[in-house]
Amino acid sequence: MGNPRNINWRCLRRPFFIALFFLGLATVAFAERRERLIDKWRPLHYQVSLAFNPELTEVARAETKITILVLKESLGILDLDFGEMPVDGVSVGGAPAAFEQKDGRLNVTLTPAPRPNERLLVTVTYHGKPANGLALTNDKDHQPSATGDNWPDRVHHWIPSLDHLSAKASVTFNVTAPAQHLVVANGQLSAQRANPDGTRTWTYTESKPIPPYCMIVAVGRFAVMTPLLPSKVAPLTYYVPPSERGLARRGFGAAPPSLNYLTRLVGPFPYEKLAHIVGATRFGGMENSGAIVYSSTLFNPRENEPLYPGFGVRRGLVEVIAHETAHQWFGDSVTPATWADLWLSEGFATYFAGLFVQQHVSEQAFREFMRRSAETYFKYEQTRRAPIHDRETEDLFKLLNGNNYQKGAWVLHMLRAQLRDAAFFRGVRAYYAKHQHATATTEDLRVAFERASGKNLRDFFQRWVYESGHPQYQFSWTWEMGSAPPRGTLALTLKQTQENEPFLTPVPVDIVMPGATQPRRLMLTPTGRETMLKLPLASRPSAVQIDPRNTILKEVSAEPQAEKKVAAIPHSTGSTPLFFAP
Ligand SMILES: [Zn+2]
């Protein structure tokens with residue numbers, strides 16, 4: 001739970017909460033966000049048929065068939081999430097059913113009430129223009145297009161569904177559009193047919209369960225490109241506006257190696273194919289399973305953004321492609337069980353993009369990546385102090401923050417440093433293998449790392465994930481000459497000046513002796529706000545460095561004591577690799 005001092009004022013938005021607050025019941029300010037529970041029924045499969053009008057400005061006819069599994073006794077109403085598209089009819093098992101469309105729900109009456117473990121086929125027919133989730137816009141070349149863009153819970157504006165990330169299901173799309181348009185969706189293209197009215201119907205089948213926010217169709221006048229060397233991992237295709245045909249192969253240059261790298265590092269690619277699409281999304285990139293969509297500005301040059309050698313494109317382009325590719329494993333295949341576990345998606349995608357940079361650009365680029373991540377997180381933390389595992393924030397878009405991305409990546413980086421590469425990647429692979437095509441919690445990840453390393457990580461997860469902040473160290477050292485010089489005592493003092501509880505994470509310290517080629521490394525394990533360690537030494541060190549390889553997310557300041565020799569080096573500039581190459 002969050003520190004009670006960190007009142008999340010945004011939780012007080014709702015008049016209900018404000019009223020209770022002023023009645024003196026302040027504890028409701030920390031009310032947990034209510035997430036939709038999957039305790040009455042769950043979707044197993046969606047079959048979504050969409051027929052667009054010729055201008056792609058609306059869905060002329062839509063039909064979604066949902067196979068559901070009943071979980072509880074006396075389920076009289078099936079409460080589908082659904083937006084405001086007009087419903088033409090609902091049937092259950094082929095028989096017309098009564099329904100009510102209200103407040104973002106489509107409540108379907110089930111008579112007689114089904115029994116637990118029964119499967120039902122519910123069919124909803126509807127039409128119109130969705131208010132959200134399916135963008136019907138012109139593309140970069142001013143051509144009509146339709147693109148699903150559903151994170152975090154906007155798919156119900158165009159597909160009646162259970163719109164919570166953990167309600168994963170397989171999906172088949174039948175999309176009918178004018179013949180000049182191409183259609184791409186999740187899964188494998190299993191059929192394509194020309195219709196007498198000049199339209200074409202495309203059928204894509206995603207056989208693996210995917211989170212609802214990853215369900216997508218993209219319709220438009222795309223140029224279709226493939227990498228020069230076909231991918232051995234899975235079919236890899238680029239869909240771009242025709243005017244960007246010449247940019248696609250170089251622009252998506254990071255796509256083949258990141259697909260290969262993640263497959264080697266984590267496990268087999270989870271889906272039937274991977275499409276990278278320049279289309280319409282409100283995000284820089286959206287990781288829909290097997291069909292990643294990027295914003296239309298993806299290939300635009302950015303001023304002041306360095307190029308990554310080897311790729312010849314701007315840094316952010318390589319990083320976003322690696323990030324969205326990593327999501328196919330982390331987020332799409334292993335999906336966070338609740339929104340509080342979002343870092344299992346965003347922290348992993350961020351860190352594994354960093355690992356790709358370490359492997360395919362340079363060690364220095366990786367260090368720079370982690371440094372930028374730390375700075376982004378520090379800036380975020382100045383605006384809000386909350387744990388990564390955030391159970392309070394109501395507006396899910398506000399979870400796209402420095403905690404879930406950059407601090408989440410740093411948590412993984414710190415675990416890697418503490419467990420070492422072999423145990424860390426063993427833990428990652430075991431976690432992935434156990435939870436693929438399913439969901440996972442933060443506790444599942446902790447258990448996987450504990451099993452892989454044999455270490456107890458409860459305190460680490462408690463302090464870094466379930467509580468807020470980061471260590472702000474004040475570090476100093478003094479040398480006291482002994483009675484028989486040059487022998488003496490080195491005294492190290494580590495203070496933690498952050499507002500909240502101390503971090504007990506062991507801190508590496510390098511002691512540099514005059515003339516020695518290698519520093520002596522020791523671990524200083526904090527016991528509280530102030531930790532002191534005395535060490536007898538043969539002679540006075542020439543320097544003492546705290547966390548020289550930058551393996552802890554921290555800020556360091558020198559203790560203001562003029563007569564003491566102070567060493568505080570927050571970032572290493574060395575060129576030896578950080579850990580073993582994965
Ligand atoms: Zn992401």
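Values in this document were obtained by computation on a predicted structure and should not be read as measured data.

(A) Structural detail: the overall build of the protein. Across its full length, the protein holds nine helices and 31 strands. Since a compact globule built from 582 residues should have a radius of gyration of about 25 Å, the 27 Å found for the protein is in line with a globular shape. Taken along the three principal axes of its C-alpha coordinates, the protein extends 100 × 65 × 40 Å. Taking all 582 residues of the protein together, 43% fall into the buried category.

(B) Focus on the nonpolar core. Core analysis: the largest hydrophobic core is formed by 141 residues, its most contacted members being Val217, Ile277 and Phe352. By residue number, the principal contributor to this core is helix H7 (residues 403-435), which donates 11 residues. Those residues in contact with Val217 that lie beyond four places of it in its chain are Leu50, Ala146, Gly148, Phe173, Val175, Val183 and Ala185.

(C) Spatial organisation of the environment of Met414. One can find Met414 in helix H7. Owing to 17 C-beta atoms within 10 Å, Met414 belongs among the partly exposed residues under this scheme. In this structure, the C-alpha to C-alpha distance between Met414 and Glu324, residues 90 residues apart in sequence, is 22 Å.

(D) The confidence of the model for the protein, seen in detail. Of the residues in the protein, 91% reach a pLDDT of 70 or more, and the chain-wide mean stands at 92. pLDDT under 50 marks residues 578-582. Its contacts with residues more than four places away, or in other chains, come to 12 contacts.

(E) Fine view of the environment of Arg34. Tracing the backbone shows Arg34 in the loop between helix H1 (15-22) and strand E1 (41-52). C-beta crowding within 10 Å serves as the criterion here: with 7 such atoms nearby, Arg34 is assigned to the exposed category. The spacing of Arg34 and Glu392 is 358 residues in sequence and 8.5 Å in space, taken between C-alpha atoms.

(F) Here's a closer look at the sheet that holds strand E7 (residues 105-109). Strand order in the open sheet formed by three strands is E3-E7-E6, with antiparallel pairing between adjacent strands. The sheet is open, and its two edges are formed by strand E3 (77-81) and strand E6 (99-102), each paired on a single side. Taken pair by pair, the neighbouring strands of this sheet meet at an average axis angle of 20°, ignoring direction. Pairing of E3 with E7, which is carried by five bridges, proceeds in the antiparallel orientation. Note that in E7 the partner of Asp81 across the bridge is Arg105.

(G) Inspection of the sheet that holds strand E10 (residues 144-148) at higher detail. The strand order across the open sheet built from four strands is E9-E10-E15-E12, with neighbouring strands paired in antiparallel fashion. Bordering the open sheet on either side are strand E9 (134-138) and strand E12 (182-185), each of which pairs with just one other strand. Across the sheet, the mean angle separating the axes of adjacent strands is 15° when strand polarity is ignored. Inspection of the sheet shows E9 paired to E10 by five bridges, in the antiparallel sense. By the bridge assignment, Leu134 is partnered in E10 with Gly148.

(H) Structural context of the pairing of strand E20 (residues 291-294). Where burial is concerned, the two faces of E20 agree: the one with Ala291 and Val293 and the one with Ile292 and Tyr294 are both buried. Alignment of strand E18 (residues 274-278) against E20, held across four bridges, turns out to be parallel. Pairing of Ala275 across the sheet is with Ala291, part of E20. Two strands pair when backbone bridges link them, and strand E19 (residues 285-286) and E20 are joined in this way by two bridges, in the antiparallel orientation. By the bridge assignment for E20, Met286 is matched with Val293. Taking the residues that link successive antiparallel strands as the turn, the E19-E20 hairpin has four residues, and the phi of Gly290 there is positive, at about 70°.

(I) Examining the packing of H7 against helix H8 (residues 442-453) more closely. At their nearest, the axes of H7 and H8 sit 8 Å apart, and the two run at 120° to each other. In terms of orientation, H7 lies oblique with respect to H8. H8 is crossed by H7, and the crossing has right-handed handedness. Together, Leu415, Leu419, Ala423, Arg426, Gly427, Ala430, Tyr431, Lys434 and His435 of H7 and Asp444, Leu445, Ala448, Phe449, Arg451, Ala452 and Ser453 of H8 make up the contact between the two elements.

(J) Representation of unusual backbone geometry in the model. Cis peptide bonds are those with omega within 30 degrees of zero, and the linkage from Thr111 to Pro112 qualifies with -10°. By the secondary structure assignment, Pro112 is in the loop between E7 and strand E8 (119-128). Of note, the bond from Trp151 into Pro152 is cis; its omega dihedral lies within 30 degrees of zero at 0°. Secondary-structure assignment places Pro152 in the loop between E10 and strand E11 (169-178). A positive phi angle, near 65°, is found at Asn304, a position not held by glycine. Of note, Asn304 is situated in the loop between E20 and strand E21 (307-308). The class for Asn304 is exposed, based on 5 C-beta atoms found within 10 Å. Phi is positive for Asp547, which is not a glycine, with a value near 40°. Residue Asp547 is classed as buried on the basis of its C-beta count, with 24 C-beta atoms lying within 10 Å.

(K) Representation of the environment of Leu71. Take Leu71: it is sitting in the loop between strand E2 (59-70) and E3. Expressed as a C-alpha distance, the spacing of Leu71 and Gly128, which sit 57 residues apart in the sequence, is 32 Å. Residues contacting Leu71, with those up to four places away along its chain left out, are Asp39, Lys40, Trp41, Arg42 and Pro116.

(L) Quick look at helix H6 (residues 363-383). If you check H6, its first and last C-alpha atoms are 31 Å apart, about what 21 residues at 1.5 Å a residue would give, namely 30 Å. Those residues of H6 that sit buried are Phe366, Arg367, Phe369, Met370, Ser373, Ala374 and Tyr377. Projected onto a plane normal to the axis of H6, the buried residues spread over an arc of 155° and lie on a single side. Seen from the open side of H6, the exposed residues pointing more than 90 degrees away from its buried face are Gln364, Glu375, Lys379, Gln382 and Thr383. Each element contacted by the buried residues of H6 is listed here: helix H5 (343-360) and H7.

(M) Inspection of the packing of H6 against H7 at higher detail. Interaxial distance between H6 and H7 falls to 9 Å at its minimum, and their mutual angle equals 130°. Between H6 and H7, the angle is such that the two are oblique. The chirality of how H6 crosses H7 is left-handed. Contacts between H6 and H7 involve Met370, Ser373, Ala374, Thr376, Tyr377 and Tyr380 on the former and, on the latter, Asn403, Gln406, Lys407, Ala409, Trp410 and His413. Its residues assigned to classes, the contact of H6 with H7 shows six nonpolar, five polar and one charged.

Cut-offs applied
Residues numbered from 1 in each chain as written. Predicted model: local features only at pLDDT ≥ 70, side-chain atom pairs only at ≥ 80, totals over all residues. Helix = DSSP H or I, 4+ residues; strand = E, 2+ residues; numbered from the N terminus. Rg over C-alpha atoms; globule rule 2.2 N^0.38 Å. Buried ≥ 20, exposed ≤ 12 C-beta atoms within 10 Å, placed from the backbone. Core = buried A, V, L, I, M, F, W, Y, C linked by C-beta atoms within 7 Å. Contact = placed C-beta atoms within 7 Å. pLDDT = per-residue confidence, 0-100. Pairing = 2+ DSSP bridges. Axes fitted to C-alpha atoms, helices over the stretch in contact; angles between N-to-C directions. Parallel < 35°, antiparallel > 145°, perpendicular 65-115°, else oblique. Left-handed = near helix turned anticlockwise from the far one by under 90°. Expected span 1.5 Å × (residues − 1). Arc of directions from axis to C-beta. Nonpolar A, V, L, I, M, F, W, Y, C, P; charged D, E, K, R; others polar.

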